[in-house]
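Structure assessment
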Amino acid sequence: MEQSSSDTPLQVLFISSWYPSEEHPTLGNFVQKHAHSAALLNKVAVITVVSSEKRKTLHIEKRIERDVCEYVAYFPRKTGFFSRATNYLRNKRAFKETFEMYRAEFGLPDLVHVHVSFPLGIWARGLKKKFGIPYVVTEHASGFHIGTDHSYPRSILLFCKKILSGAEVILPVSEDLKHSLQLLVPHKPFEVISNVVDEHLFRVQEKVGIDQVRFIHISTGIDSIKNLSGMLRAVDVLSGKRQDFTFDIVSDGDVEYAKALASRMQHGSLVRFHATKTTEEIAEMLCQSSCLVLFSNYENFPCVIPEAFMTGVPVISTAVNGIPEHVHSDKGILVEKGNEAQLVQAMETFLERKFVSDPEKIRAYALYHFSYSAVGRKLDRIYRKILG
């Protein structure tokens, strides 16, 4: 832990609806990175509660990642009639017992930091009511983009409104998400805190033995969101013109449909699929890539963009939601959502070496906006302002 610039370290408890677990190893890994950045200046622990089909009884796992103490509580998921009420009560019991474990070791926290209001934000609201502990909320969920085909149903929006209304400040990860949240709770204070990247792990490196353009795509691979199908159709068109490139797809999701599409391409061997990678492996793959390519139908602000920037790698992406806030002309090319012809043209710009960027300047931008140290200082300032 670094020395706090203003006072003794605070006890901050993260309560996160999304967090890596045995059920979902990469879900909410961006929340874990926020915890690591907050832990540079304060004492941070995390509680998450996970419904599990594997577990037959309540099981609480405690682990240490860097300077963060993580409690992952698994409760057996009930299915069928009355399952909603039963699962709510099991979730409540799991959180209560986990919080008592935390409290026995650390005492009451000075402040609670909720990540993703639904569903675990309700327990932060309960702690505020019972102990007077203030809380802040960081939102990552795209479900707040009301009127879209992926927005939360009204019942969940009303639930989240209660949680957000009790927060001292709301911390969306993009300006775009902030505007959506303001429709729900217009009178609350907001401050945008972007996703975070480990600046010591993601670095600019010389590209060794690379004589052609390497495109890379990293995502969950959910086609309705990430539009791998459209991206591969664009790659197919491009490969019909030239084959002086490779296209790596890294995904921890089910991308068999994408592999089937690639197998039908005339030059499908240019597309290489990779299963789940560690953060260290992702950093190395980005370092050796020429450009990150995203073709999403919607996003908030995906972690992989600041990770690419931290390695000095530019981005081709659709101009959706929070992405245009950071992908500017010196750091990449924006295309219209679903416009495959524009995507082909953008990739051709890289292949023809017409896009010129400065890796060190791209990294400098990332250090200022997304580094652990920068985000850790921002969070520390917000925490201390709330606590006076």
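Scroll up to find the structure this text is about.
Now for a description of the structure that goes with this document. Please read all numbers here as calculations on a predicted model, not as lab measurements. Counting starts from 1 at the beginning of each chain's written sequence and moves along it residue by residue. Whole-chain, interface and lining totals are the exception, using all residues; otherwise, since this is a predicted model, local features are given only for residues with pLDDT of at least 70 and side-chain atom pairs are given and counted only at 80 or more. Side-chain descriptors were evaluated using all non-hydrogen atoms of the structure, hydrogens and water having been removed beforehand.

1. Regarding the overall build of the protein
Strands here are runs of E lasting at least two residues and helices are runs of H or I lasting at least four, both read from the DSSP assignment and numbered beginning at the N terminus. Within the protein, the regular secondary structure consists of 13 helices and 13 strands. When its C-alpha atoms are laid out on the principal axes, the protein stretches across 65 × 55 × 40 Å. Exposure categories follow from relative accessible area, calculated using a 1.4 Å probe and restricted to protein chains: below 20% of the type maximum is buried, above 50% is exposed, and the middle band is partly exposed. Within the protein, the fraction of its 388 residues that count as buried is 54%. Residue contacts are counted whenever heavy atoms from the two residues lie within 4.5 Å of one another. Summarising the internal contacts of the protein: among those between residues at least 6 apart in sequence, 70% fall at separations of at least 24. Here the protein has roughly 17,200 Å² of accessible surface; of this, 51% comes from carbon and sulfur atoms. In this tally, Asp and Glu contribute negative charge and Lys and Arg positive charge; neither His nor the terminal groups of the chain are included. Just so you know, the charge point we use is NZ for Lys, CZ for Arg, CG for Asp and CD for Glu. Of note, the protein has its 47 positive side-chain charges centred 8 Å away from the centre of its 44 negative side-chain charges. Here the Shrake-Rupley method, with its probe set to 1.4 Å, supplies the accessible areas, and only the displayed protein chains count as covering residues.

2. Topic: helix H7 (residues 228-241)
Helices are assigned an expected span. That span is 1.5 Å times one less than the residue count. Across its 14 residues, H7 extends 20 Å between first and last C-alpha, which sits within 8% of the 20 Å expected from 1.5 Å per residue. Buried residues of H7: Leu-228, Ser-229, Gly-230, Met-231, Leu-232, Ala-234, Val-235, Leu-238 and Ser-239, and no others.

3. Considering the sheet that holds strand E6 (residues 135-139)
Paired strands, in this sense, are two strands between which DSSP finds at least two bridges. If you walk across this open sheet you meet the seven strands as E3-E4-E2-E1-E5-E6-E7, and the pairing is mixed. The two strands at the open ends of the sheet, each matched to only one other strand, are strand E3 (59-65) and strand E7 (170-172). Recorded for the sheet is a direction-independent mean angle of 20° between the axes of neighbouring strands. Where strand E2 (residues 43-52) and strand E4 (residues 68-76) come together, eight bridges link them in parallel fashion. From the neighbouring strand, Ile-47 faces E4, where its bridge partner is Tyr-71. For helices, the axis comes from a line fit to the C-alpha atoms of the stretch in contact; other axes are also lines fit to C-alpha atoms, and the angle between any two N-to-C directions lies between 0 and 180 degrees. Contacting E6 and E7, helix H4 (residues 154-165) runs over the sheet at an angle of about 135° to E6.

4. Some words on a positive patch on the surface
On the surface, Lys-92, Lys-96, Arg-103 and Lys-130 cluster together to form a positively charged patch. Residue contributions to the positive patch peak at three residues, all from helix H2 (residues 83-106). Mapped onto the fold, Lys-130 is located in helix H3 (residues 121-131). A relative accessible area of 66% places Lys-130 in the exposed class. Residues qualify for a patch when their relative accessible area is over 30% and they have no salt bridge, like charges being joined within 9 Å and the nonpolar side chains of Val, Leu, Ile, Met, Phe, Trp and Tyr within 5 Å. A pairing counts as a salt bridge when a side-chain nitrogen of Lys or Arg comes within 4 Å of a carboxyl oxygen of Asp or Glu.

5. Focus on the packing of H7 against helix H8 (residues 256-263)
The N-to-C vectors of H7 and H8 enclose an angle of 15°; their axes lie 10 Å apart at closest approach. The orientation of H7 with respect to H8, classified from their angle, is roughly parallel. The chirality of how H7 crosses H8 is right-handed. Residues Leu-228, Ser-229 and Leu-232 of H7 lie in contact with H8, whose contacting residues are Tyr-257, Ala-258 and Leu-261. In this classification, Asp, Glu, Lys and Arg are treated as charged, Ala, Val, Leu, Ile, Met, Phe, Trp, Tyr, Cys and Pro as nonpolar, and every other residue, Gly included, as polar. Broken down by class, the residue content of the contact of H7 with H8 amounts to five nonpolar, one polar and no charged. Any angle that is under 35 degrees is reported as roughly parallel, and any over 145 degrees as roughly antiparallel; angles of 65 to 115 degrees are reported as roughly perpendicular and all others as oblique. Handedness of each helix crossing follows the sense of rotation of the near helix against the far helix: counterclockwise by less than a right angle gives left-handed, clockwise gives right-handed.

6. Looking at the pairing of strand E9 (residues 245-251)
Counting buried positions along E9 gives seven out of seven residues, so the element sits mostly inside the fold. Of the two faces of E9, the one carrying Phe-245, Phe-247, Ile-249 and Ser-251 and the one carrying Thr-246, Asp-248 and Val-250 are both buried. Bridge analysis of strand E8 (residues 213-219) against E9 gives seven bridges, and the strand direction is parallel. If you follow Ser-219 over to E9, its bridge partner there is Ser-251.

7. Observations regarding the nonpolar core
Counting 38 residues, the largest nonpolar core has Leu-13, Val-112 and Phe-144 as the members making the most contacts within it. The biggest single contributor to this core is H4, with five residues. Apart from residues lying up to four places away in sequence, Leu-13 is in contact with Ala-45, Val-46, Ile-47, Phe-99, Tyr-102, Pro-109, Leu-111, Val-112, His-113 and Leu-127. Among the buried residues, those of types Ala, Val, Leu, Ile, Met, Phe, Trp, Tyr and Cys that are joined through side-chain atoms within 4.5 Å form a nonpolar core.

8. Observations regarding the packing of helix H1 (residues 29-38) against helix H13 (residues 372-387)
One can describe the packing of H1 onto H13 by two numbers: an axis separation of 8 Å at closest approach and a directional angle of 75°. The pairing of H1 with H13 is recorded here as roughly perpendicular in orientation. Counting all contacts with H1, which are made through Lys-33, His-34, His-36, Ser-37 and Ala-38, the residues of H13 involved are Tyr-372, Val-375, Gly-376, Leu-379 and Tyr-383. Residues that form the contact of H1 with H13 fall into these classes: five nonpolar, four polar and one charged.

9. Focus on the sheet that holds E8
Two modes of strand pairing occur in sheets, parallel and antiparallel, and in both the strands are linked by backbone hydrogen bonds. Strand order in the open sheet made by the six strands is E10-E9-E8-E11-E12-E13, with parallel pairing throughout. Of all the strands in the sheet, the pair left with one neighbour each is strand E10 (271-274) and strand E13 (332-335). Taken pair by pair, the neighbouring strands of this sheet meet at an average axis angle of 20°, ignoring direction. Bridge count between E8 and strand E11 (residues 291-293): two bridges; the pairing is parallel. From the neighbouring strand, Ile-216 faces E11, where its bridge partner is Leu-292. Against the sheet, H7 engages E8, E9, E10 and E11, with an angle of about 165° to E9.

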